Amino acid sequence: MAMMRAIGLMSGTSLDGVDIALIETDGERVHVVKGHNNFLEPLGPTGYRGYADDEKALLRAATKDAESVLHPGDRPGRLPEAEAFVTLAHAEAVERFLEEHGLAASEIDVIGFHGQTVIHRPDQRISIQIGDGQALATRLGIPVVSDLRRADIEAGGQGAPLVPVFHKALAEASGFDGPFGILNIGGVANATLIDSKGGVIAFDTGPGNALIDEWMQEREGKNLDDGGRTAARGRPDEQLLAWLLTHPFFFRKPPKSLDRNWFSHKLAGQLSTEDGAATLTAFTARAVARALDHAPEIPTRWIVAGGGARNGELVRLLNYHLRAEITTADAIGWSSAYLEAQAFAYLAVRSLKGLPITLPSTTGVREAITGGVLTRP
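Cut-offs applied
Residues numbered from 1 in each chain as written. Predicted model: local features only at pLDDT ≥ 70, side-chain atom pairs only at ≥ 80, totals over all residues. Heavy atoms only, no water. Pairing = 2+ DSSP bridges. Helix = DSSP H or I, 4+ residues; strand = E, 2+ residues; numbered from the N terminus. Axes fitted to C-alpha atoms, helices over the stretch in contact; angles between N-to-C directions. Contact = heavy atoms within 4.5 Å. Buried < 20%, exposed > 50% of the residue type's maximum accessible area, 1.4 Å probe, protein only. Polar contact = N/O pair within 3.5 Å; in protein donor to acceptor, adjacent residues only side chain to side chain. Parallel < 35°, antiparallel > 145°, perpendicular 65-115°, else oblique. Left-handed = near helix turned anticlockwise from the far one by under 90°. Expected span 1.5 Å × (residues − 1). UniProt positions renumbered as here; feature names shortened; annotations may be inferred.

Comments concerning the sheet that holds strand β10 (residues 301-305)
What links the strands of a sheet is backbone hydrogen bonding, and the strands pair in either a parallel or an antiparallel sense.
Next, step 1: Strand order in this open sheet of five strands is β9-β8-β7-β10-β11, and the pairing throughout is mixed. Both edges of this open sheet fall to β9 (200-207) and β11 (325-328), since each of them pairs with a single strand only. Averaged over all pairs of adjacent strands, the angle between strand axes in this sheet comes to 20 degrees, irrespective of strand direction.
Next, step 2: Across four bridges, β10 lies against β11 in parallel orientation. Each bridged residue has a counterpart across the sheet, and for R301 the counterpart in β11 is E325.
Next, step 3: Helix α9 (residues 273-291) rests against β7 (180-185), β9 and β10 of the sheet, and its axis sits at about 150 degrees to β9.

Here you go:
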């Protein structure tokens, strides 16, 4: 099958900005190059368009308004305004990316456009990622695949996580054997577990960075706990942690997915800044450890990606609780920051070719199915 050039776009639940990645794939293989000492070369160029404070405020307001949604087509409150902004921000990000890398729109076969999740309730068959795929395709002059979760949810799946098929393809191309885990820590954390026979299961493990980021924003006016330094100075509240881990989500067998709004940083409101950061960071790490209750084989190695890979205190806690080799994606030549954007480029090509993007073992869908809505300029 011919290789295609695809751009993936991801705006995660951390609400920090738009990640952009270009990869080459035929929808099955991922083009991986091994360099010196088997260090993996980057899959392709990447880019980023951050959100300003007022833009983040708009997205937070839209997420709040989305709580009243009863049907997938509902757009109450500020959702229409936010959807127009998300589309514009992604278009501007792609235009700048193409210019910076000397690329023409005609050189790109497809764009995988995730959009911005504002609500995720798969049990009610609702998961909304705002962003207008047709408007994006028309402005850029490039075909766009969007709305990648809908088909899975309509077929009885959780609609998340979507990245495991890319994780598996990237692991195979990199020569990694199971049992091992790939942990992506964005606003919500999700794990892909690959066993020694190549079988894969995947699910959200619990909160990722979202609660920590919101805590730091409220207490310090900062976007994140840089390196986990604030958490490292605090002591976790063990009683609160024990109570948080009794939430029914952690007892559900996978596949399962989490709405980021199920937990709030305000649960630690009685604690000092340092102790609250320590508690919420420990919550993320211990939730991952609890995920091993559902693992067919305990991973002996983990590759950690997403913004959480840059949180030294969180990585330290993962080392302690998982009792396995912990490697960040950057340390092996993968991309901690852009792995999800790369995944949506890969999924867009699979969608174009009618290949499955979700599996019964990753989302609980009845059978492996493709997904996404294709819009052309």
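This is not the end of the story, as more comes after the structure.
Re the environment of D26
Next, step 1: Among the structural elements, D26 can be located in the loop between β2 (17-25) and β3 (46-50).
Next, step 2: When its relative accessible area of 2% is taken as the criterion, D26 is described as buried.
Next, step 3: Counting along the chain gives 22 residues from D26 to M4, while the straight-line C-alpha distance between them is 5.8 Å.
Next, step 4: Among the polar contacts listed, one links the side chain of D26 to the backbone nitrogen of E28, at a separation of 2.8 Å.

Considering unusual backbone geometry
Next, step 1: Between A160 and P161 the backbone carries a cis peptide bond, its omega angle lying at -10 degrees.
Next, step 2: Inspection of the secondary structure puts P161 in the loop between α4 (150-154) and α5 (164-174).
Next, step 3: Here the residue pair P254 and P255 is connected by a cis peptide bond, since its omega of 5 degrees sits within 30 degrees of zero.
Next, step 4: Here R125, not a glycine, exhibits a phi torsion of approximately 55 degrees, which is positive.

Considering the packing of helix α1 (residues 53-65) against helix α2 (residues 79-100)
Next, step 1: Their axes nearest at 9 Å, the elements α1 and α2 cross at an angle of 135 degrees. Here α1 lies oblique to α2, going by the angle between them. Every pair of crossing elements has a handedness; the one defined by α1 and α2 is left-handed. In this structure, α1 uses E55, L58, L59 and A62 to contact α2, whose residues at the interface are L79, E81, A82, F85 and V86.

Re α2
Next, step 1: Over its 22 residues, α2 runs 31 Å from end to end, which matches the ideal 32 Å to within 8%, given 1.5 Å per residue.
Next, step 2: Directly after α2, the chain includes G102, whose backbone phi takes a positive value near 60 degrees.

Quick word on the UniProt feature "binding site: ATP" (unreviewed entry) in the protein
Next, step 1: Taking the numbering used here, the UniProt-annotated feature "binding site: ATP" (unreviewed entry) corresponds to G12, T13, S14, L15, D16, G17, V18 and D19.
Next, step 2: Looking at the secondary structure, you find G12 in the loop between β1 (4-11) and β2.
Next, step 3: Each residue touching G12, except ones within four places of it in the same chain, is listed here: G17 and Q116.
Next, step 4: Looking at where D19 falls in the secondary structure, it is placed in strand β2.
Next, step 5: By relative accessible area, which is 16% here, D19 ends up buried.
Next, step 6: Apart from the residues within four sequence positions on either side, D19 is in contact with G8, L9, M10, G47, Y48, A337, Y338 and A341.

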